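One-letter residues, chain by chain:
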Amino acid sequence: MASSSVRSWRTAFLTLRDETLTSPPRTSLSSLLQHLIFSQSGTLISASPDLPPHEVMSDVMFLVELVGTSSEGEDAGTTFVHISHLIHEVSRHVSLEMNSSSWATMMTFLGKVVEFYLGKADKRKAFTGNSASLKPIMEILEILRHFSNGYGRNCLPSDTAVLVKLLLHIVTCSHDELVRSSYSSVNKQFSADTGTIIFKYSNLWETQTVALTMIGEAFSRVGSFVPVEMWQSTIEILRKVMDALASKGLPVEDHAMNRFYTSVLHCLHLVLSDPKGSFSEHVASIVAALRVFFLYGLSNRSLSVCPDRKKELGSQTLKPKFSGSAKIEHGPYRPPHLRKREIIKMQPRRVWDFQSSSDQESSGVDFTSSDSEHSDTDGSLKEVDYFRSSKARIAAMLCVQDLCQADPKLFTTYWIVLLPTSDVLQPRKYEATLMTCLLFDPVLKARLASASTLAAMLDGPSSNFLQAAEYKESSKRGSFTAFSSSLGQILMQLHTGILYLIQHETHSGLLASSFKILKLLISATPYPRMPSELLPTVISSLRMRILDGFQFKTDQTALLAIALSCLGSALSTSPPSPQVKEMLHEENSTGFVETSGDNGILLALLKFSERVANPTISFEAFQVLRVVSHNYPTIMASYWEQVSAIVYRLLRLTTLEAPNSEVSIRSLKGDFGNSVGSSGEKFITAAIKVLDECLRAISGFKGTEDLLDDKLLDTPFMSDIMRTKRISSAPSHEVDGPEVSEGDQTVYPSGSRQWTEAIEKHLPLILFHNSPMVRAASLTCFAGITSSIFFSLTKEKQDYVLSSSISAALTDEIASVRSVACRAIGVMACFPQMSYRPEILKKFIHAAEFNTHDPLVSVRITASWALANICDSLRHRANDSILEGQAADPKTDSHSIALLAECALRLTKDGDKVKSNAVRALGNLSRFVQFTSVSSIHDESVDHMGVSPTMHNIGLLPANNDSKSSHGAHTSRSIIETASLRDSFWLERMVQAFLSCVTTGNVKVQWNVCHALSNLFLNETLRLQDMVWAPSVFSILLLLLRDSSNFKIRIHAAAALAVPASRLDYGTSFTDVVQGLVHTLEGLGSDLISTPSSFKYKAALEKQLTSTTLLVLGLVSCFCHQPLRDFLVKKASFLEEWLISLCSSLENSNQRVVEASLSENKEGSMQKKEMIFGAIRALLEVYEGNHYRGIALKFENLMNRTHALS
């Protein structure tokens, strides 16, 4: 029988080949096919498994090519049906091996078949009404599925694109016919005998379902190699489908429609997850359609709130602690479909009232993913329905996540649509949000998908715009709600919903996701712009959850660790919250929070940190304690005894192999060995950092101590600007009280005792630890000591600190340890008293210079920073005219200064972070070094930088803080005798380095150059007007003032231009300086702020530019060069208007001073008046001397007005 069938196959196809080669053909093609192929298709199909696959493939492709090249006639429809059916049946029995050529031919043929049936409206109408008519399309889809599972798995992306193009054509034609038929209303027919809804066009839905599923599979196979054209065409078709879904209101809850929705949403997810182009024009319609699926399958079921939740809704304001009992249900997690069976015995967490409904599962082959995990025998049909529909809900949320990750900035526009602005704990059917899914969806996977999507929205750059959020009560918002207010409402609702979930959820996975969301939410929320009680509420809620514990022992460690991490984020918000400080202070004063006797959060953290047997929990507890010490230093200062004892026990346990230890080092190795080393170094380091932060808090550490007040920016106008210097490594003392005035740091009496204890007990155990991480953490403690504490220690303790730091910087073989040691040296070098100990400074210089040669840039950065601080210390020493004790050896100081200068010059050729410190070091040296013999513009030729090549002697000069002292005046005797440097070209090389760094350095380097030039101008031994490089320097400063986009650079450039004391000091550049300042002042109002961070410096720039311009204008006279006089005449109107505005501002300021009776402000106002008066007087002299009587009269009136100011 098999041989007979095989013979029939071969005979039929050989005859067909012979007949088609006959010219002219004796019989029509349709007749031939009917007689030879179609009439015995059953026999041919049964013979195909017995034939060689390549022979079957060859004959099938011959048939496809034969029909594909023929013109479409009246019998084309019948021919297409029979051939596609033959291919369909053969492909089920034989694995047809294809190549790129045969693939393209087959796709072309199948495309013609599809076009014949669905491409024309009149034929679509004839076929879409019954199932039999669409059978060829369904068979084509099955053919494509078979080919895709074979050749399609390894084909080129271009071949896959051909397949997707055909499938998209099927989707488009089916969709167009459904839209034409108004499927949402008129295509529904009610069947009275069954009581079910039957869809007239269900076969078209099935067609789209299968096609979309295959499109998704194609995208999965190609992966990241999706062709751009394929991606673009797919997103456009999907957007068209999504538009239709959004326009029809609530989706239909039916098994067939469920499969369709799932397929289109899953396909959209695969397309959006790896975008190949812009889809900004599609986002609005896609988001609108996705939102309707958040409650798909649940919209016909009433949602009710459990009693606890209703009670929660009654609270109108947030409180630090949740009202009512927050008991956690005990027992294992029960899925929603099992909870229904126990509804009488136990209170459900979510109650879903399932109304009676009956859905008829549509017939047809299901090509989508299997639903076997939800068997009809497992629970009622209604329960299975919402599990099956959860696939669509999950896919919709994944699409939202894809949109957010693809373009976070664009997606922020749709936050208001997807997130709640009110009543987050109340379920709403028709305005579902992601929080609705998270709180009320009965399927755990859907809730986890919602949590993942919320985390994606809050993570990354998309959360930055939340800093603009501001919460306003509804009574204060008015009829129009600003976007910032809407964001504030969203943040409040997110806090309410997530905190409720954390208090009541028992499933460990969802609870962990909730903690993750809360942590991201905390980092994204601008708490100073939110209700003051919000952050204390977050902390109190976390405290309750942490102290209540978690249900299962297997969850304890992981959940407690992430809860502690979340608490640390809440306590680390910046700026610190006064309300949180008050809450912690109350806890500190009583030791408890609740009358029930529950431990306060700090006492609980201390207990958690003692759990050495569980290093994960102990580590997280130490992390939170460090945060509290940093943000709320006065609170943790009172817990020093407990912290010291816990850290000491831990260090003893982990550094000494004691036989009686409760927990051996081996136990720590088990938890941490895989990631941080054999002795739990990460764990030990966390404890040391807590000790470090406590010592800084107790010592009142506020960062490195400025040795000299910066007079460069200290002018009457700049005194109006509050200049705060926030050091990230310093505890936040601002929230604890008023700022400590510079140069008068508060001495903390108890700090000396605590530091002595740490030096005697803790530090000897860790300074020479085997772990580099531990040694680095121990040396970091020295970088947090203050001068008052340091010099209150005994000499033995001081020497211990100094020798440990210097030794580590010189001898430790680990680069990170040497880097930390250099930072400690840099901090201690800034102590004012340290400048009087030249033997220590010499050791500091040696250690810092040694590490500037390190191959690692991280070491060179801290070494150069220490070097610059040492130069600042020498500048401080040179400023004192009287020394206490013996003077230093001139030769020693000369050698040290030469070493510092050479090292700094070398470092100006390093990277930007090193270069900025090198420039600062050179600036400090140039302030006090005495140039006893330098070349002038009258002496010798200049090099390529315009700098004189000769310089002879350099000594130390007392720096003078008065920037207006004369450069030509006789200077006081140097504190150290004049000495010669080895490199006689040091000054010229320094100026060259400054000019080079301006052009090659980053923003920080440039403003450090401006500051360094200010210091150089203050050196009284320079005849600035005679320096050949002076015009180049002034030109650079004017260029930075005019063109720099960074306002800090412009401020320092303006300050440097104000340093020269006389018109003579500006030399030939005076005219350029005056013109540059006036032009900059004139265009200041039109400057565009390129970065938001520059906005806070705008007022400071205006003040500094005003001060500099007034000082320079006060130097003009009628003897200036004619071009300058002409310029001042040309700008007379602008200058008059500007000076009038200054006078008006001064009058208003004087009025406020009189009302406030502030003597300091009165002095500042008088200084401003003198500066304004001096500028007007100088300008009046210019105008009178050049016989401009009209202008002179206006300025005379202005001078009288200024003189009248009291």
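Residues numbered from 1 in each chain as written. Predicted model: local features only at pLDDT ≥ 70, side-chain atom pairs only at ≥ 80, totals over all residues. Heavy atoms only, no water.

### Some points on the overall build of the chain
Where we set the bar: Secondary structure elements follow DSSP: runs of H or I no shorter than four residues count as helices, runs of E no shorter than two count as strands, and numbering proceeds from the N terminus. Residue exposure (1.4 Å probe, protein chains only): buried if accessible area is under 20% of the type maximum, exposed if over 50%, otherwise partly exposed. Every accessible area reported is derived by Shrake-Rupley at a probe size of 1.4 Å, with residue values counting cover from the shown protein chains alone.
Summing up its helical and strand segments, the chain has 52 helices and six strands in all. By the burial criterion, 55% of the 1206 residues in the chain qualify as buried. Carbon and sulfur atoms make up 53% of the accessible area of the chain, which amounts to about 51500 Å² in all.

### Description of helix α11 (residues 228-247)
Three- or four-residue spacings in an α-helix give side chains the same orientation, since the helix completes a turn every 3.6 residues. Heads up, the condition is: Multiplying 1.5 Å by the residue count of a helix minus one yields the expected span of that helix.
The first and last C-alpha atoms of α11 sit 29 Å apart over 20 residues, in line with the 28 Å expected at 1.5 Å per residue. The set of residues buried in α11 consists of Met 230, Trp 231, Thr 234, Ile 235, Ile 237, Leu 238, Val 241, Met 242, Ala 244 and Leu 245. One or two positions beyond α11, positive phi appears at Gly 249, with a value near 75°.

### What about the confidence of the model for the chain?
Regions with low pLDDT carry predicted coordinates that are not meant to be interpreted in detail. Keep this limit in mind: pLDDT runs from 0 to 100 and stands for how confident the predictor is about each residue. Contact definition: two residues touch when any of their heavy atoms are within 4.5 Å.
Averaged over all residues, the pLDDT of the chain equals 78, while 74% of them reach at least 70. For residues 592-597, every residue scores under 50 in pLDDT, and the model assigns this stretch 12 contacts once sequence neighbours within four places are set aside. Contacts from residues 934-984, a stretch scored under 50 in pLDDT, to residues over four places away or in other chains number 134 contacts.

### Remarks on the environment of Ser 70
If you trace the backbone, Ser 70 turns up in the loop between α4 (53-69) and α5 (76-93). On a C-alpha basis, the gap between Ser 70 and Leu 29 in space is 8.4 Å, while along the polypeptide they are 41 residues apart.

### Remarks on the packing of helix α44 (residues 1030-1043) against helix α47 (residues 1070-1082)
Each pair of packed helices can be summarised by the angle the axes make with each other and by the distance between the axes. The test is simple: For helices, the fitted line uses only the C-alpha atoms of the stretch in contact; every axis is such a line through C-alpha atoms, and the angle between N-to-C directions lies from 0 to 180 degrees. Angles are sorted into four bins: roughly parallel if under 35 degrees, roughly antiparallel if over 145, roughly perpendicular if 65 to 115, and oblique for all others. Ten residue types, Ala, Val, Leu, Ile, Met, Phe, Trp, Tyr, Cys and Pro, are classed as nonpolar, four, Asp, Glu, Lys and Arg, as charged, and the remainder, Gly among them, as polar.
Where α44 contacts α47, the two axes come as close as 10 Å, and the packing angle between them is 5°. Comparing their axes, α47 and α44 come out roughly parallel. Along its contact with α44, which presents Phe 1034, Leu 1038, Leu 1041 and Arg 1042, the element α47 presents Asp 1072, Val 1073, Gly 1076, Leu 1077 and Thr 1080. The class makeup of the residues in the contact of α44 with α47 is five nonpolar, two polar and two charged.

### Points about the packing of aromatic side chains
In plain terms, the rule: A pair of Phe, Tyr and Trp rings is counted when the ring centres sit within 6.5 Å of each other, with Trp represented by its six-membered ring. The angle between the planes then sorts it: under 30 degrees is stacked, over 60 is edge-to-face, the rest tilted. Charges are assigned to positions over rings by a cutoff of 6 Å between ring centre and Lys NZ or Arg CZ, combined with an angular limit of 35 degrees from the ring normal.
Taken as a whole, this structure holds 22 aromatic pairs when the rule is applied. Look at Trp 415 and Phe 465: their rings are 5.1 Å apart centre to centre, the planes differ by 90°, and that puts the pair in the edge-to-face class. One end of the pair, Trp 415, is in helix α18 (residues 415-418); the other, Phe 465, is in the loop between α20 (444-458) and α21 (474-477), and 50 residues separate them in sequence. Measuring from ring centre to ring centre gives 5.6 Å for Tyr 1066 and Phe 1070, while their planes differ by 55°; the resulting arrangement is tilted. When its relative accessible area of 4% is taken as the criterion, Phe 1070 is described as buried. Grouping aromatic residues by their ring pairs yields a cluster made of Trp 205, Phe 260, Tyr 261, Phe 293 and Tyr 296. Sitting over the ring of Tyr 648, Lys 761 keeps its end group 4.6 Å from the ring centre. The ring centre of Trp 865 lies 4.3 Å from the NZ or CZ of Arg 823, which sits over that ring.

### A short note on the pattern of salt bridges
Side chains that differ in sign of charge can pair as their charged atoms come close. Filter applied, for reference: Criterion for a salt bridge: a side-chain nitrogen of Lys or Arg within 4 Å of a carboxyl oxygen of Asp or Glu.
The tally for this structure, following the rule as stated, stands at 30 salt bridges. When the shortest N-O distance is used, the salt bridge between Glu 641 and Arg 753 registers 3.4 Å. In this pair, Glu 641 is assigned in helix α30 (residues 640-655) and Arg 753 in helix α33 (residues 751-766), connecting sequence segments 112 residues apart. Ionic pairing is found between Glu 760 and Lys 797, a salt bridge with its closest N-O pair at 3.4 Å. A residue pair is termed long-range when its members are at least 10 positions apart, and Glu 760 in helix α33 and Lys 797 in helix α36 (residues 795-811) qualify at 37 residues. By relative accessible area, which is 12% here, Lys 797 ends up buried.

### Examining the packing of helix α27 (residues 601-609) against helix α28 (residues 615-631)
To keep it simple, the criterion reads: Each crossing gets its hand from how the near helix is turned against the far one by less than a right angle, where anticlockwise is left-handed and clockwise is right-handed.
It is at 7 Å that the axes of α27 and α28 come closest, and there the two elements cross at 140°. In terms of axis orientation, α27 runs oblique to α28. In this structure, the crossing between α27 and α28 has a hand that is left-handed. Across the interface between the two elements, Leu 602, Leu 605, Leu 606, Phe 608 and Ser 609 of α27 pack against Ile 617, Ser 618, Ala 621, Phe 622, Val 624, Leu 625 and Val 628 of α28. Per-class residue counts for the contact of α27 with α28 are 10 nonpolar, two polar and no charged.

### Some details on unusual backbone geometry
Pro 575 follows Ser 574 through a cis peptide bond whose omega is 0°. When you line up the elements, Pro 575 lands in the loop between α25 (553-571) and α26 (578-590). You will see that Asp 423, though not glycine, has its phi angle at about 50°, which is positive. Positionally, Asp 423 belongs in the loop between α18 and α19 (434-440). On the accessibility criterion, Asp 423 (41% relative accessible area) is partly exposed. With a phi angle near 65°, His 1187 is a residue other than glycine that sits in the positive phi range. For His 1187, a relative accessible area of 67% puts it in the exposed group.

### Section: the nonpolar core
A general trend in soluble globular proteins is that nonpolar side chains are found buried together. The cut-off we apply is this: Throughout, nonpolar core names a set of buried Ala, Val, Leu, Ile, Met, Phe, Trp, Tyr and Cys residues whose side chains join them through atoms within 4.5 Å.
The biggest cluster of nonpolar side chains holds 360 residues, and the ones touching the most others in it are Phe 844 and Leu 1128. The element contributing the most residues to this core is helix α16 (residues 381-406), with 11 residues. Among all residues touching Leu 1128, those that are not within four sequence positions of it are Val 1074, Leu 1113, Val 1116, Leu 1135, Leu 1179, Val 1182 and Tyr 1183.

### Considerations on the side chain of Ser 285
Spelled out, the test is: N or O atoms closer than or at 3.5 Å make up a polar contact, with two conditions inside protein: a donor-capable atom paired with an acceptor-capable one, and, for residues adjacent in sequence, both atoms drawn from side chains.
By secondary structure assignment, the location of Ser 285 is in helix α13 (residues 280-291). Among the polar contacts listed, one links the side chain of Ser 285 to the backbone oxygen of His 282, at a separation of 3.1 Å. Look past the residues within four positions of Ser 285 in its chain and what remains in contact with it is Arg 239 and Asp 243.

### Focus on the side chain of Ser 577
Relative to the helices and strands, Ser 577 resides in the loop between α25 and α26. Among the polar contacts made by the side chain of Ser 577, one reaches the side chain of Gln 579 at a distance of 3.1 Å.

### Focus on the environment of Phe 440
Position of Phe 440 relative to the elements: it lies in helix α19. Separated by 15 residues in the primary sequence, Phe 440 and Leu 425 have C-alpha atoms spaced 9.0 Å apart.

### So, the environment of Arg 775
You can see Arg 775 is positioned in helix α34 (residues 772-782). Between the alpha carbons of Arg 775 and Ser 816 there is a distance of 9.4 Å; along the sequence they are 41 residues apart. Engagement of the side chain of Arg 775 in a polar contact is seen with the backbone oxygen of His 769, the distance being 2.8 Å.

### Structural notes on the state of the cysteines
Simply put, the disulfide is a covalent bond whose two ends are the sulfur atoms of two cysteines. Let me state the cut-off plainly: Our working definition of a disulfide is a cysteine sulfur pair at a distance within 2.5 Å.
A complete count under the given rule lists zero disulfides for this structure. The cysteine Cys 267 is free of any disulfide, with Cys 399 supplying the nearest cysteine sulfur at 9.2 Å.

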